[in-house]
Structures are given as structure tokens and as C-alpha cells.
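Here is what each chain is made of, one letter per residue.
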Amino acid sequence: QVQLVESGGGLVQAGGSLRLSCAVSGRTFSSTTMGWLRQAPGKEREFVAGISRHGITTDYADSVKGRFIISRDNAKNTLYLQMNSLKAEDTAVYYCAVPYYFAVVPVRLGDFASWGQGTQVTVSL
């Protein structure tokens, strides 16, 4: 069973940046596509970004496209989410997630089978 541990969340001012990390264990990391989800207070969990097994192909929610960058380091079994130009509406708990189909880049919430405990990101005005 895969274990996912997110880190790097915190409080940041609007316009600032944060980089989230996700340490993955329990599975050969390079064998699976990965992604990030988020859930804002009072809202449904939503897709943020997905990445292929070797990091060549990525996909983003329209709300973060051009501001967020998903990447991975297979040698370190770690997934990243670089978040730039943060807005108040980016405030949410962010989750690292594994899809049902390991070879397909996840592009929607329903593509994901499991996720970690999450890390809180708060963007102040």
C-alpha cells in the first residue's frame, strides 16, 4: 500500500510562492502517474494538477494554469507542486494523490484512488 506524506504548506501573502512536497513510499514511485488535489473550506475536493511517470506530460486545472508547476524527482521518490502568484482563493488543504490507472495522467478528481493527509495552505490578502 502506498504512503503519501505532504509537507511545505503554510501562511503566505497574496502574490507570494510556496513549494509543496510529497514523500511517497510503498510503491515504485516511477511506475505511477501522480497528482495534486485541494479542498477549500466548505467546498468539494478538486483536481489541481497531474503528471506522467517520468514528468514529461503535465495537466492543470484552469484556475492554476500558468501559476502552478507540478514536477517529480523519481530518484528521491518525491512529488512537488510549485505555487506562484498565490491568490486568496488558493487557500485550501492540498493533497498528494495516486490515480487508479498508473499509466494515465490524471486530469480530474474521479481519476484518483487515494491521497495523503494533506498540508494546509493559507493565502492572506
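Look up: the structure comes first, before these words.
Please read these numbers as outputs of a predicted model, since none were measured by experiment. (Residues numbered from 1 in each chain as written. Predicted model: local features only at pLDDT ≥ 70, side-chain atom pairs only at ≥ 80, totals over all residues. Heavy atoms only, no water.)

Q: How do you make sense of the overall build of the chain when you look at a structure like this?
A: Of regular secondary structure, the chain possesses 0 helices and 11 strands. Counting from the amino terminus, helix and strand elements in the chain follow one another as β-β-β-β-β-β-β-β-β-β-β. The globule rule puts the C-alpha radius of gyration for 125 residues at 14 Å, and the 13 Å found for the chain is close to it. On the principal axes, the C-alpha backbone points of the chain span a range of 40 × 25 × 25 Å. Sorting the 125 residues of the chain into buried and exposed places 45% on the buried side. A sequence separation of at least 24 residues applies to 59% of the contacts in the chain between residues at least 6 apart. Carbon and sulfur atoms make up 50% of the accessible area of the chain, which amounts to about 6,300 Å² in all. (Helix = DSSP H or I, 4+ residues; strand = E, 2+ residues; numbered from the N terminus. Rg over C-alpha atoms; globule rule 2.2 N^0.38 Å. Buried < 20%, exposed > 50% of the residue type's maximum accessible area, 1.4 Å probe, protein only. Contact = heavy atoms within 4.5 Å. Areas by Shrake-Rupley, 256 points an atom, 1.4 Å probe, with all protein chains shown as cover.)

Q: Hey, could you run me through the packing of aromatic side chains in this one?
A: The geometry of two aromatic rings is summed up by the distance between their centres and the angle between their planes. As enumerated under the stated definition, the model contains 1 aromatic pair in all. The lysine or arginine in question, Arg45, covers the ring of Tyr95, its NZ or CZ lying 4.1 Å from the ring centre. Over the ring of Phe29 we find Arg72, and its NZ or CZ is 4.2 Å from the ring centre. (Phe/Tyr/Trp six-rings, centres within 6.5 Å; stacked < 30°, edge-to-face > 60°. Lys NZ or Arg CZ within 6 Å of the ring centre and 35° of its normal.)

Q: Just to check I follow, could you spell out a nonpolar patch on the surface for this structure?
A: A surface patch of nonpolar side chains, about 380 Å² in accessible area, is lined by Tyr100, Tyr101 and Val104. Tracing the sequence through the fold places Tyr101 in the loop between β9 (92-99) and β10 (112-115). For Tyr101, a relative accessible area of 63% translates into the label exposed. (Patch = residues over 30% accessible without salt bridge, like charges linked within 9 Å, V, L, I, M, F, W, Y side chains within 5 Å. Salt bridge = Lys/Arg side-chain N within 4 Å of Asp/Glu carboxyl O.)

Q: What exactly am I supposed to notice about the nonpolar core here?
A: The tendency in soluble globular proteins is for nonpolar side chains to be buried side by side. Counting 34 residues, the largest nonpolar core has Met34, Trp36, Leu79, Leu81, Met83 and Tyr94 as its most contacted members. If you list the elements that add at least two residues to this core, you get β3 (18-25), β4 (34-39), β5 (46-51), β7 (68-73), β8 (78-83), β9 and β11 (119-124). A per-element tally of this core places β9 first, with 6 residues. Sequence-distant contacts of Met83, that is, excluding residues within four places in its chain, are made with Gly16, Ser17, Leu18, Leu20, Arg67, Phe68, Tyr94 and Val121. (Core = buried A, V, L, I, M, F, W, Y, C linked by side-chain atoms within 4.5 Å.)

Q: Where do I start with the pairing of β7 in this structure?
A: Along any regular strand the residues' side chains alternate between the sheet's two faces. Burial along β7 is one-sided: the face carrying Phe68, Ile70 and Arg72 is buried and the face carrying Ile69, Ser71 and Asp73 is not. As defined by bridge partners, β7 adjoins β8 across 6 bridges and the pair is classed as antiparallel. Residue pairing across strands places Ser71 opposite Tyr80, the latter belonging to β8. (Pairing = 2+ DSSP bridges.)

Q: Can you help me understand the environment of Val98 in this one?
A: Examined against the element boundaries, Val98 turns out to sit in strand β9. By relative accessible area, which is 2% here, Val98 ends up buried. For the pair Val98 and Thr33, spaced 65 residues apart in sequence, the C-alpha separation works out to 7.1 Å. Excluding anything up to four places from it in sequence, Val98 contacts Val2, Leu4, Arg27, Thr32, Met34, Phe112, Ala113 and Ser114.

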